[in-house]
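Here is how the chains run, residue by residue.
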Amino acid sequence: MFSLAQRGNTLFAFLVSVLFCVLGAVALSGPVLLASAPVGPPHIDVAKVLVKQGRRGGYYDYSQPVTEMAFVHFNMVADLTPHWNWNTKMLFVYVVAEYSTPAHPTNQVVIWDDLITAKEDAEIDLRNQLSEYMTSDMGNKLAGIQANLSLHWNIMPHVGILTKERSGSVPLVFPKVTK
Ligand SMILES: *[C@@H]1O[C@H](CO)[C@@H](O)[C@H](O)[C@H]1NC(C)=O
């Protein structure tokens, strides 16, 4: 006959199987829910770009070479709320400037980022947002280079795999150095 321990063991194994099935269903539902609620393209426009000369550690840090630094003011409206579902834990959003230089064909610089942990905050509306400064490391030149800005986001689920998406591509030309 079955002892109480055997019955308990069977019940426990059954509950563990149920738990795995539920977590599996949640994990699989993630990509389906994301695909069924697409996000429209963001609206990004560049309000002002300045290129200045400076040193990475501050102007009087003589251990660093003088380099061109770009300061980008941009506006961005993006609604990522469709990507907020019961399996969304948080969104990591970032704006990337991509450009080519003779020495490095592909450069990607994150100029702004944010961690969104609530659905209300997934409606992004930035006005005249100033970037972190960016520097071109090779040759220390940025003026005249053409770049593109795009919005990227990673969706971190409660259960399942991380999804990465990107949208938008807005041109940006680095102007001459402002003295
Ligand atoms: C920027 O976007 C334009 C148009 O999509 C493309 O032709 C160009 O190669 C892009 N530049 C970079 C550096 O990604």
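Let me sum up the structure you'll find in this document. All values derive from a computational prediction rather than experimental measurement.

Calculation criteria
- Along every chain, residues carry numbers that run from 1 in the direction the sequence is written.
- Given that this is a predicted model, residues contribute local features only at a pLDDT of at least 70 and side-chain atom pairs are listed and counted only at 80 or more, while totals for whole chains, interfaces and linings are drawn from all residues.
- The basis for every side-chain value is the complete set of heavy atoms in the structure, and neither hydrogens nor water enter the calculation.
- Between any two strands, at least two bridges found by DSSP are needed for them to pair.
- Strands are runs of DSSP state E lasting at least two residues, helices are runs of H or I lasting at least four, and both sets are numbered from the N terminus onward.
- For helices, the fitted line uses only the C-alpha atoms of the stretch in contact; every axis is such a line through C-alpha atoms, and the angle between N-to-C directions lies from 0 to 180 degrees.
- The term salt bridge refers to a pairing of a side-chain nitrogen on Lys or Arg with a carboxyl oxygen on Asp or Glu at a separation within 4 Å.
- Partly exposed describes any residue whose relative accessible area lies between the buried limit of under 20% and the exposed limit of over 50%, with all areas from a 1.4 Å probe on protein chains only and scaled to the type maximum.
- Nearness is defined per residue: one heavy atom within 4 Å of the molecule or strand is enough.
- Counted as a polar contact is a pair of N or O atoms within 3.5 Å, where, for protein atoms, one must be capable of donating a hydrogen and the other of accepting one, and residues adjacent in sequence contribute only when both atoms are in side chains.
- Accessible surface is estimated by sampling points in the Shrake-Rupley manner with a 1.4 Å probe; for residues, cover comes only from the protein chains shown.
- Following the grouping adopted for this structure description, the nonpolar residues are Ala, Val, Leu, Ile, Met, Phe, Trp, Tyr, Cys and Pro, the charged ones are Asp, Glu, Lys and Arg, and the polar ones are all others, Gly among them.
- Each nonpolar core is a collection of buried residues, namely Ala, Val, Leu, Ile, Met, Phe, Trp, Tyr and Cys, held together in the definition by side-chain atoms within 4.5 Å.
- Throughout, a contact is declared for two residues whenever any of their heavy atoms are within 4.5 Å.

### Some thoughts on the sheet that holds strand β3 (residues 88-99)
For step 1, the next point in the chain: Spatially, four strands are ordered β4-β3-β7-β8 in an open sheet, and the strand pairing comes out antiparallel. Sheet topology places β4 (107-116) and β8 (163-173) at the edges, where each strand pairs with a single neighbour. Strand-to-strand twist in this sheet, taken as the mean axis angle between neighbours without regard to direction, amounts to 20°.

### Here we look at the pattern of salt bridges
Any two side chains of opposite charge can pair, so long as their charged atoms come close to each other.
For step 1, the next point in the chain: Within the structure shown, the criterion is met by three salt bridges.
For step 2, the next point in the chain: With its nearest N and O atoms 2.9 Å apart, the salt bridge here joins Arg166 to Glu98. Remark: Glu98 occurs in strand β3 and Arg166 occurs in strand β8; sequence separation between them is 68 residues.
For step 3, the next point in the chain: On the accessibility criterion, Arg166 (44% relative accessible area) is partly exposed.

### Brief notes about the site of the ligand
For step 1, the next point in the chain: Residues in close proximity to the ligand include Glu98, Tyr99, Ser100 and Asn148, which together make up its full environment.
For step 2, the next point in the chain: Here an oxygen atom of the ligand and a side-chain polar atom of Asn148 are 2.3 Å apart.
For step 3, the next point in the chain: For the ligand, whose free accessible area comes to 360 Å², the fraction covered by protein is 39%.
For step 4, the next point in the chain: Of the residues that constitute the shell around the ligand, the class distribution is one nonpolar, two polar and one charged.

### Remarks on the nonpolar core
For step 1, the next point in the chain: By size, the foremost hydrophobic cluster in this structure holds 35 residues, and its most contacted members are Met76, Val93, Ile111, Trp112, Ile124, Met134 and Phe174.
For step 2, the next point in the chain: Listing elements by their share of this core, those giving two or more residues are β1 (43-55), β2 (66-79), β3, β4, β5 (123-130), β7 (146-157) and β8.
For step 3, the next point in the chain: Those residues in contact with Trp112, other than ones at most four positions away along the chain, are Phe74, Met76, Val93, Tyr94, Val95, Ile124, Leu126 and Gln129.

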